[in-house]
Amino acid sequence: MERHTFTAEIWASESVGSWAFVMLSSEADEEVRLAAGPPTAFGSVRVEATVGGTTWRTSVFPDKARGYVLPVKTAVRRAEGLDVGDDVEVSLRVVEG
């Protein structure tokens, strides 16, 4: 998968503790769906994400209301000085395996 860069707002989960997420752009969402292959646990897809100077590997998860969402862990938000409600530029690519 090619790398996609997009800007999205960080939002807090109402049902999953203190987790924060961004919604993938429609282009990234479509490519993740195509690259996903056979379903895995929770429909997750492994990705490499970059926000500012921080790059990490995680998974994106399907959300019925929003499409795929990317968790932005507390360590990333702290390192980049981000909080819920901030717009953030994300660079994302699917990782094989």
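That block above? That's the structure.
Notes on the structure in this doc start here. In this text the structure is predicted, and so the values were computed from the model without any measurement.

**Thoughts on the nonpolar core**
Among soluble globular proteins, nonpolar side chains are generally buried collectively.
Phase 1 of the analysis: Ranked by size, the top nonpolar core spans 23 residues in total, and within it Val 22, Leu 24, Val 32, Val 60, Leu 70, Val 90 and Leu 92 carry the most contacts.
Phase 2 of the analysis: At the level of secondary structure, the elements contributing two or more residues to this core comprise strand 1 (4–9), strand 3 (20–23), helix 1 (26–35), strand 4 (45–51), strand 5 (54–63), strand 6 (67–71) and strand 7 (87–94).

**Some points on the pattern of salt bridges**
Phase 1 of the analysis: According to the stated counting rule, one finds five salt bridges in the structure shown.
Phase 2 of the analysis: Between Arg 93 and Glu 48 there is a salt bridge whose closest N-O contact spans 3.4 Å. Separated by 45 residues along the polypeptide, Arg 93 in strand 7 and Glu 48 in strand 4 bring together distant segments of the chain.
Phase 3 of the analysis: Take Glu 48: its relative accessible area is 15%, and that puts it in the buried class.
Phase 4 of the analysis: Residues Arg 66 and Asp 63 are paired through a salt bridge, measuring 3.6 Å at the closest nitrogen-oxygen approach.
Phase 5 of the analysis: For Asp 63, a relative accessible area of 23% gives the class partly exposed.
Phase 6 of the analysis: Three or more residues joined by partner-sharing salt bridges are found here, namely Arg 3, Glu 48, Arg 57 and Arg 93.

**Thoughts on the sheet that holds strand 2 (residues 11–12)**
Phase 1 of the analysis: Spatially, the seven strands line up as an open sheet ordered 1-7-4-5-6-3-2, and their pairing is antiparallel. If you trace the sheet from one side to the other, it starts and ends with strand 1 and strand 2, each paired once.
Phase 2 of the analysis: Pairing between strand 1 and strand 7: six bridges, direction antiparallel. In the strand pairing of strand 7, Ala 8 is matched with Val 88.
Phase 3 of the analysis: Each of strand 1, strand 4, strand 5, strand 6 and strand 7 touches helix 1; the most contacted strand, strand 6, lies at about 100° to it.

Here is what the cut-offs are and how they apply
- Residues numbered from 1 in each chain as written.
- Predicted model: local features only at pLDDT ≥ 70, side-chain atom pairs only at ≥ 80, totals over all residues.
- Heavy atoms only, no water.
- Core = buried A, V, L, I, M, F, W, Y, C linked by side-chain atoms within 4.5 Å.
- Buried < 20%, exposed > 50% of the residue type's maximum accessible area, 1.4 Å probe, protein only.
- Helix = DSSP H or I, 4+ residues; strand = E, 2+ residues; numbered from the N terminus.
- Salt bridge = Lys/Arg side-chain N within 4 Å of Asp/Glu carboxyl O.
- Pairing = 2+ DSSP bridges.
- Contact = heavy atoms within 4.5 Å.
- Axes fitted to C-alpha atoms, helices over the stretch in contact; angles between N-to-C directions.

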